[in-house]
Amino acid sequence: MTSIVIGASSAIARAAIQQLLERGQTVHAISQRPRPAALSDERLNWWQCRHEAADIEARVNMLAERIADAPIERVLICNGRLHSESIDVEKKLDDLEAESFHQLMDSNALTPALWLRSLLPLLKRHETRIAVFSARIGSIGDNRLGGWYSYRASKAALNMLLKTAAVEYARIARSVKLVAFHPGTTDTPLSKPFQAKVPEGKLFTPDFVASRLLDILDTVEADSNLSFLDWDGQTIDW
Ligand SMILES: NC(=O)c1ccc[n+]([C@@H]2O[C@H](COP(=O)([O-])OP(=O)(O)OC[C@H]3O[C@@H](n4cnc5c(N)ncnc54)[C@H](OP(=O)(O)O)[C@@H]3O)[C@@H](O)[C@H]2O)c1
């Protein structure tokens, strides 16, 4: 069995790769970054790729040749940013800046959608479960605290792109199941600046979350709908 992990430098993605390898899978990992030294296994193929449409398309074409008819069991699309040296989370409307907003929309909503666009022809013949990393904070119904405008908006936009893609996948790649996945607050560089406020026992390790995700993908009903699920397998309000 073969799995594809995109945005593979993410801490959760790396834990998932390790666990997929332990399950005996061949893994194609795709990242803008080079392969981490800690991840070495002859069944791990690490491909570098920029987050741009032409590069994504070229990578998928290359994978199609490499994978040929091998079943593709899982695809994890892990891309997502919250902050960087130049991007701060917004506490109030006055903090909203066009450049940061565009950057988060690009990495959190457009990039995963471009991967789904390029992967569609490859997945036509496969029974594949795809998890795309969303976030509860992208739920419009669940938004009680406000703030974090760009991140929230980018994950809400991602959810709509996933819902729309699920409609098209259901027509063309009928055996594919799509899941928008909320990992919960996990100890990664993304959550680092905000971990002090996380209640005791609620900051998960990447290993725990990766294992929950793989269990959920093993058991989720393979209907043609998009599910929005948290680390516990519970449905999140859109
Ligand atoms: N950690 C949490 O508490 C938490 C909570 C809710 C949701 N999430 C979501 O979980 C996912 C994984 O996050 P993580 O916590 O594991 O974060 P992380 O370790 O900081 O990983 C960052 C991810 O973002 C990708 N990325 C970086 N720059 C990018 C760009 N310019 N364009 C597109 N992608 C880019 C990286 O892909 P490359 O490998 O190509 O660099 C990597 O997949 C994200 O979607 C995040 O929003 C995390």
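Residues numbered from 1 in each chain as written. Predicted model: local features only at pLDDT ≥ 70, side-chain atom pairs only at ≥ 80, totals over all residues. Heavy atoms only, no water.

1. Remarks on the packing of aromatic side chains
At step 1: Enumeration over the complete set of coordinates arrives at 7 aromatic pairs.
At step 2: Residues Phe228 and Trp238 carry aromatic rings whose centres are separated by 5.0 Å and whose planes lie at 25 degrees to one another, so their mutual orientation is stacked. Highlighted residues: Phe228 in strand β7 (residues 226–230) and Trp238 in the segment after β7, separated in sequence by 10 residues.
At step 3: Using a relative accessible area of 39% as the deciding quantity, one classes Trp238 as partly exposed.
At step 4: One aromatic cluster in this structure is built from Trp148, Tyr151 and Phe194. (Phe/Tyr/Trp six-rings, centres within 6.5 Å; stacked < 30°, edge-to-face > 60°. Helix = DSSP H or I, 4+ residues; strand = E, 2+ residues; numbered from the N terminus. Buried < 20%, exposed > 50% of the residue type's maximum accessible area, 1.4 Å probe, protein only.)

2. Things to note about the site of the ligand
At step 1: The immediate surroundings of the ligand are formed by 30 residues, with Gly7, Ser9, Ser31, Tyr151 and Thr188 found nearest.
At step 2: Between the ligand and Ala11, the relevant distance is 3.0 Å, taken from an oxygen atom to a main-chain nitrogen or oxygen of the residue.
At step 3: Taking Asn79, its main chain carries an N or O atom lying 2.8 Å from an oxygen atom of the ligand.
At step 4: Here the ligand loses 91% of its free accessible area of 900 Å² to cover by the protein chains.
At step 5: Where the shell around the ligand is concerned, the elements lending two or more residues are α1 (11–22), α3 (98–123) and α4 (149–172).
At step 6: For the shell around the ligand, the residue count by class is 10 nonpolar, 17 polar and 3 charged. (Near = heavy atom within 4 Å. Polar contact = N/O pair within 3.5 Å; in protein donor to acceptor, adjacent residues only side chain to side chain. Areas by Shrake-Rupley, 256 points an atom, 1.4 Å probe, with all protein chains shown as cover. Nonpolar A, V, L, I, M, F, W, Y, C, P; charged D, E, K, R; others polar.)

3. Comments concerning the side chain of Gln25
At step 1: Residue placement: Gln25 occurs in the loop between α1 and β2 (26–31).
At step 2: Residues in contact with Gln25, not counting those within four places in the same chain, are Met1, Thr2, Ser3, Leu20, Arg43 and Glu73. (Contact = heavy atoms within 4.5 Å.)

4. Some points on the pairing of strand β4 (residues 72–77)
At step 1: Of all 6 residues in β4, 6 are buried, a share of seventy percent or more.
At step 2: Of the pairings in the sheet, the one linking strand β1 (residues 2–6) to β4 comprises 5 bridges and is parallel in character. Residue pairing for β4: Ile6 is matched across the bridge by Ile77.
At step 3: Two elements, β4 and strand β5 (residues 129–133), share 4 bridges in a ladder whose sense is parallel. Paired with Ile77 across the strands is Val132, a residue of β5.
At step 4: In this fold, the crossover linking β4 to β5 by way of α3 has right-handed handedness. (Pairing = 2+ DSSP bridges. Right-handed = clockwise from strand over helix to strand, strands pointing away.)

5. Remarks on the nonpolar core
Nonpolar side chains in soluble globular proteins tend to end up buried together.
At step 1: Core analysis: the biggest nonpolar cluster contains 35 residues, and Ile4, Val75, Trp115, Leu119, Ile130 and Tyr169 have the highest contact counts within it.
At step 2: Elements that contribute at least two residues to this core include exactly β1, α2 (53–67), β4, α3, β5, α4, β6 (177–182) and β7.
At step 3: Here this core gets 8 residues from one element, more than from any other, and that element is α3.
At step 4: If sequence neighbours within four positions are ignored, Leu119 has contacts with Ile4, Ile6, Val60, Val75 and Tyr169.
At step 5: Counting residues in hydrophobic clusters, the runner-up holds 30 residues, among them Val5, Leu214, Val220 and Trp231. (Core = buried A, V, L, I, M, F, W, Y, C linked by side-chain atoms within 4.5 Å.)

6. Structural notes on helix α5 (residues 206–219)
At step 1: Helix length check: α5 (14 residues) gives 20 Å between terminal C-alpha atoms against 20 Å at 1.5 Å per residue, within 8%.
At step 2: Among the residues of α5, Pro206, Val209, Ala210, Leu213, Leu214, Ile216 and Leu217 are the ones counted as buried. For α5, the arc enclosing every buried residue in end-on projection is 160 degrees, short of the 170-degree limit, so these residues lie on one face.
At step 3: Tucked into the core, α5 has its buried residues touching α1, β4, β5, β6 and β7. (Expected span 1.5 Å × (residues − 1). Arc of directions from axis to C-beta.)

7. Some thoughts on empty space enclosed by the protein
At step 1: For the coordinates displayed, the defined rule picks out 1 cavity of 30 Å³ or more.
At step 2: By volume, the largest cavity is sized at about 40 Å³.
At step 3: Around the largest cavity, the lining residues are Ile6, Gly7, Ile30, Ser31, Gln32, Cys49, Arg50, His51, Ile56, Asn79 and Trp115.
At step 4: Taken together, the residues of the lining of the largest cavity break down into 5 nonpolar, 5 polar and 1 charged. (1 Å grid on protein atoms, 1.4 Å probe; cavity = no way out; pocket = protein on both sides within 12 Å on 5 of 7 lines; lining within 4 Å. Points joined across faces, edges and corners; volume = space filled by probe spheres on them.)

8. Focus on the sheet that holds β7
At step 1: Spatially, β3-β2-β1-β4-β5-β6-β7 is the arrangement adopted by the 7 strands of the open sheet, whose pairing is parallel. The open sheet is flanked by β3 (44–48) and β7, the only strands paired with a single partner. With strand direction ignored, the average angle separating the axes of adjacent strands in the sheet is 20 degrees.
At step 2: In terms of strand pairing, β2 meets β3 through 5 bridges, oriented parallel. Among the inter-strand pairings, Ser31 is bridged to a residue of β3, identified as Gln48.
At step 3: Against the sheet, α3 touches β1, β2, β4, β5 and β6, its axis set at about 170 degrees to β4.
At step 4: Where α4 meets the sheet, its contacts fall on β5, β6 and β7, and the angle it forms with β6 comes to roughly 165 degrees. (Axes fitted to C-alpha atoms, helices over the stretch in contact; angles between N-to-C directions.)

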